[in-house]
Each structure stands twice: as C-alpha cells, then as structure tokens.
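Coordinate inspection notes
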Amino acid sequence: MARRVVVALLGPVTWSPPGIDPVDWRTALAEDVVDLFATLNEVETAVAVTPADRWLADAVVWPDTAVHEVPEATPNAVFTALAETGHDQVAVVAGDAPDVPGLTIGKLLRPLTTRPVAVAPVEGGEPGLLGVAARLPVPAWLPALDLDTARPADLRAAAPRPGDLAVTPAWRRLRGPADLAFLDPAVEGWETTRALLSGTGRLR
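Residues numbered from 1 in each chain as written. Predicted model: local features only at pLDDT ≥ 70, side-chain atom pairs only at ≥ 80, totals over all residues. Heavy atoms only, no water.

On to the sheet that holds strand β3 (residues 66–69), then. Pairing within the open sheet is mixed, and its seven strands lie in the order β3-β2-β1-β4-β6-β5-β7. Where the open sheet ends on each side, the last strands, each with one partner, are β3 and β7 (165–167). In this sheet, adjacent strand axes meet at a mean angle of 20 degrees when their direction is disregarded. Pairing of strand β5 (residues 117–121) with β7, which is carried by three bridges, proceeds in the parallel orientation. Along β7, the bridge assignment pairs V117 with L165. (Pairing = 2+ DSSP bridges. Helix = DSSP H or I, 4+ residues; strand = E, 2+ residues; numbered from the N terminus. Axes fitted to C-alpha atoms, helices over the stretch in contact; angles between N-to-C directions.)

What follows is the structure in structure tokens.
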C-alpha cells in the first residue's frame, strides 16, 4: 500500500477580519486545519513552515505531528523536503481553509493511483489552489507553484499529456471578507476560527 502524507503548508496569511489580531487569526486557521488532519484515516499528517514560522507550528501541532522546515512556503519546497522520507504520495494543502472537509482532501489524493499530479482549485474561480498532490519523485515538468496565485491551467500547460493532471473538487480559502459569507455554522469543525469570529459578532 502506498505511503501517503498530507501536509498543511502554513504560509503567510495576508488578510484578517477587522478587529481580530492577525496573529490570532492565522493561529486559529492553522489550528483548525491541523485538527482536521488528525481525523483523517489511512494517511500520515504533517506541517510545513519556514524557519521564521516555526513558532506557529509549535503552537498548533499535536505531539506526534511531524514538522518540516522549508526554505520557502511553496508546495515544491515541501515535495523536496519529503523526497527522502520514504513517502510515495504527498498532498500539500493551504493552511487557511479551516472548514475543508476530509472528503475533499481524500479526493485530492485519490487520482494519484493513475496520475502523477492532482490539484484542487480555490472555489469561485479565484487565483490560487486549495492544494496540490503528487507522486514522489515529482515529475520534472511540475512548475514552481504558489498556492496563492497558481491555477490548474498553469499545470495543464506544463504537463506533457492532458491525462497527467487531475483536477479535483474545489473548496474555499479564507482570504478576504467575501469568503466569510460561505462559512456554515451548521458544519462541524473549525472550532477555533468559529470561536474567534463569534467573539466579534461576525458569526450568527
């Protein structure tokens, strides 16, 4: 059976709701993503941060969660860091999607049985990716990726064949005020983000 790992990439967060401390916001998002990963079955989980953000990883990880320090907050840096760890498949997921369903992450990994790379777009057609998954070693054609700006079309253009890339269901990331409107208080999870927003009256 393939050895699979899902990595939360805790990159910079450029927006926070007015009235909420940016560090508190970033920490809440990261904590909820890490807590979600702890419920996933049949995969290992890890966190990736730059050395400057090691404090964030230490604040939110579970005792048995692996932490990988990477020189830059990109999926490519994570793939490189895990190249010698014995994993067969790696999914890198943005750290600002606190309510992402585990099923959505599972669907990001599933195509890797037949394809070398899969991506999950950001919902709504905005630039950026929720996550990217690849078999290790990653194919040479995989371009440099930034989860905040890349689009599935960038990878499709780089792939030698259309079938080399799978595009899986999209999900939202919390990157601006409009994204808050899509949070569903009836959905379980994202407890820390929920509490932070409830304290400011932004969540009813």
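The terminal C-alpha atoms of helix α1 (residues 22–37), which comprises 16 residues, lie 23 Å apart, in line with the 22 Å expected from a rise of 1.5 Å per residue. Of the residues making up α1, those classed as buried are W25, R26, T27, A28, L29, A30, D32, V33, V34, L36 and F37. Here α1 starts with a cap whose side-chain oxygen sits 2.9 Å from the backbone nitrogen of V23, and that cap is D21. (Expected span 1.5 Å × (residues − 1). Buried < 20%, exposed > 50% of the residue type's maximum accessible area, 1.4 Å probe, protein only. Polar contact = N/O pair within 3.5 Å; in protein donor to acceptor, adjacent residues only side chain to side chain.)

Before going further, it helps to spend a moment on the packing of aromatic side chains. This model, assessed by the stated rule, comprises one aromatic pair. We note R194 situated over the ring of W190; from NZ or CZ to the ring centre the distance is 4.2 Å. (Phe/Tyr/Trp six-rings, centres within 6.5 Å; stacked < 30°, edge-to-face > 60°. Lys NZ or Arg CZ within 6 Å of the ring centre and 35° of its normal.)

Turning our attention to helix α4 (residues 102–109). The complete set of buried residues in α4 reads T104, I105, L108 and L109. One side of α4 holds all its buried residues, which, seen down the axis, span an arc of 145 degrees. (Arc of directions from axis to C-beta.)

This paragraph deals with the nonpolar core. Membership of the largest hydrophobic core comes to 30 residues, with the highest contact counts inside it found for V6, L10 and F37. Breaking this core down by element, the ones donating at least two residues are β1 (4–9), α1, β2 (44–49), α2 (54–60), β4 (89–94), α4, β5 and β6 (129–135). Among residues more than four places away in sequence, those in contact with V6 are F37, L40, V43, E44, T45, A46, A91, V93, I105 and L109. Counting residues in each nonpolar core, the second largest holds 27 residues, with V5, A48, V90 and A134 among its members. (Core = buried A, V, L, I, M, F, W, Y, C linked by side-chain atoms within 4.5 Å. Contact = heavy atoms within 4.5 Å.)

On to the pairing of β2, then. Two strands pair when backbone bridges link them, and β1 and β2 are joined in this way by five bridges, in the parallel orientation. Bridging across to β2, L9 finds its partner in A48. Bridge analysis of β2 against β3 gives four bridges, and the strand direction is parallel. Residue pairing for β3: A48 is matched across the bridge by H68.

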